[in-house]
Amino acid sequence: MIELKEVTLRAGKHELRNLSFCVQAGHYAILKGKTGQGKTTLLEALCGLRKLQRGTIWIDGQNVTNASPGARGIGYVPQDGALFPNMNVQEHLAFALRLRKQPKALIENRCRELASLLKIDHLLNRSVVNLSGGEAQRVALGRALSFHPNVLLLDEPLSALDEDTRSEMYELLRMVQKTTGVTTLHVTHSREEAESLGDIHLTLDQTGIHTS
């Protein structure tokens with residue numbers, strides 16, 4: 001579950017005020033809004049990358065407002081994927097688990113499991129530098145899911161993909177959400193994307209967040 005209660009935060013001169021909403025556990029929520037409205041800022045606040053001026057953030061009933069990013073149980077895929085050019089695909093899938101000092105055997109098993117789920121088994125030893133857009137998004141998604149997060153945040157993950165690849169990713173995201181049950185908040189400008197994936201639709205504007 002994702003819950004914001006009376007949240008106010010700033011990004012430069014822009015301020016988001018009195019934001020409140022709730023996404024129940026296991027749902028796939030779509031967040032829409034005009035460019036510059038603060039959607040990415042909101043995701044960064046949920047992740048712990050931006051400090052709130054006011055209000056609280058709750059994940060699965062726990063107040064995480066002052067928790068570190070790594071302690072929130074949130075997987076995050078930023079708009080550009082943010083893959084590390086010096087790591088291969090398997091190293092990306094293992095990254096969060098190594099940070100959490102998980103046993104080597106567990107990390108290896110989880111990497112194989114994710115590679116199979118995301119259909120990137122054949123890419124494990126490849127550099128991420130020359131991956132296609134769809135392949136890179138699968139790797140970014142695998143890295144975000146690696147530690148079994150309670151919540152998955154996706155910031156326009158399909159915006160740079162061609163139409164055919166985007167359709168494949170719709171199927172993949174539906175399958176991943178159904179398989180893992182992870183509560184998902186997905187930012188997009190695409191009506192087709194929203195209708196294909198979301199069971200909850202939220203809109204951010206100057207007056208707050210509204211369910212539509």
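See above for the structure.
All figures in this text were calculated on a predicted structure; none of them were measured in a lab.

Asker: What's the story with the nonpolar core in this structure? I'm lost.
Answerer: Generally speaking, nonpolar side chains in soluble globular proteins are found buried as a group. Membership of the largest hydrophobic core comes to 39 residues, with the highest contact counts inside it found for Val89, Ile120 and Leu141. Taken together, the elements giving at least two residues each to this core come down to strand S3 (28–32), helix H2 (89–99), helix H3 (104–117), helix H4 (133–145), strand S7 (151–155), helix H5 (163–180) and helix H6 (191–197). In contact with isoleucine 120, other than residues within four places in its own chain, are Val89, Leu93, Ala115, Arg138 and Val139. Judged by nonpolar contacts, the second largest core, of 29 residues, contains Ile2, Phe21, Ile74 and Leu204.

Asker: It is not clear to me how the environment of histidine 186 should be interpreted in this structure. Could you clarify?
Answerer: Here histidine 186 shows up in strand S8 (residues 183–187). Using a relative accessible area of 0% as the deciding quantity, one classes histidine 186 as buried. Taking the C-alpha atoms as reference points, histidine 186 and serine 159, separated by 27 residues in sequence, lie 12 Å from one another. Beyond its immediate chain neighbours, meaning those up to four positions away, histidine 186 contacts Tyr28, Ala29, Ile30, Leu31, Leu154, Pro157, Leu173, Glu193 and Leu197.

Asker: I would appreciate a short explanation of the sheet that holds strand S9 (residues 200–205) in the present structure.
Answerer: Pairing between sheet strands relies on hydrogen bonds along the backbone, with the strands arranged either parallel or antiparallel. Here 6 strands make up an open sheet; going across it, the order is S6-S7-S8-S3-S9-S10 and the pairing mixed. The two strands at the open ends of the sheet, each matched to only one other strand, are strand S6 (74–77) and strand S10 (208–211). Between one strand axis and the next, the sheet turns through 20 degrees on average, direction left out of account. Examined bridge by bridge, S9 and S10 share 4 bridges and lie antiparallel to one another. Across the sheet, the residue bridging to leucine 202 is threonine 211, located in S10. Along the sheet, H4 makes contact with S6 and S7, crossing S6 at roughly 165 degrees.

Asker: Any chance you could explain the packing of H2 against H3 here in plain terms?
Answerer: Packed helices, taken two at a time, are described by the angle their axes make and the gap between the axes. Where H2 contacts H3, the axes come no closer than 9 Å and their chain directions differ by 130 degrees. In terms of orientation, H2 lies oblique with respect to H3. Along this stretch, H2 crosses H3, giving a crossing that reads as right-handed. Within the contact between the two elements, H2 uses Gln90, Leu93, Ala94, Leu97 and Arg98 and H3 uses Ile107, Arg110, Cys111, Leu114 and Ala115. The residue inventory of the contact of H2 with H3, partitioned by class, reads 7 nonpolar, 1 polar and 2 charged.

Asker: Any chance you could explain the sheet that holds strand S2 (residues 14–23) here in plain terms?
Answerer: Spatial ordering of the open sheet is given by S2-S1-S4-S5, a layout of 4 strands whose pairing is antiparallel. A single partner strand is all that each edge strand has here, and the edge strands are S2 and strand S5 (62–63). Sheet analysis places strand S1 (residues 2–11) next to strand S4 (residues 54–59), joined by 5 bridges and oriented antiparallel. Each bridged residue has a counterpart across the sheet, and for lysine 5 the counterpart in S4 is threonine 56. In the packing of helix H1 (residues 39–47) onto the sheet, contacts are made with S1, S2 and S4, and the angle to S1 comes to roughly 115 degrees.

Quick notes on the rules
- Residues numbered from 1 in each chain as written.
- Predicted model: local features only at pLDDT ≥ 70, side-chain atom pairs only at ≥ 80, totals over all residues.
- Heavy atoms only, no water.
- Core = buried A, V, L, I, M, F, W, Y, C linked by side-chain atoms within 4.5 Å.
- Buried < 20%, exposed > 50% of the residue type's maximum accessible area, 1.4 Å probe, protein only.
- Helix = DSSP H or I, 4+ residues; strand = E, 2+ residues; numbered from the N terminus.
- Contact = heavy atoms within 4.5 Å.
- Pairing = 2+ DSSP bridges.
- Axes fitted to C-alpha atoms, helices over the stretch in contact; angles between N-to-C directions.
- Parallel < 35°, antiparallel > 145°, perpendicular 65-115°, else oblique.
- Left-handed = near helix turned anticlockwise from the far one by under 90°.
- Nonpolar A, V, L, I, M, F, W, Y, C, P; charged D, E, K, R; others polar.

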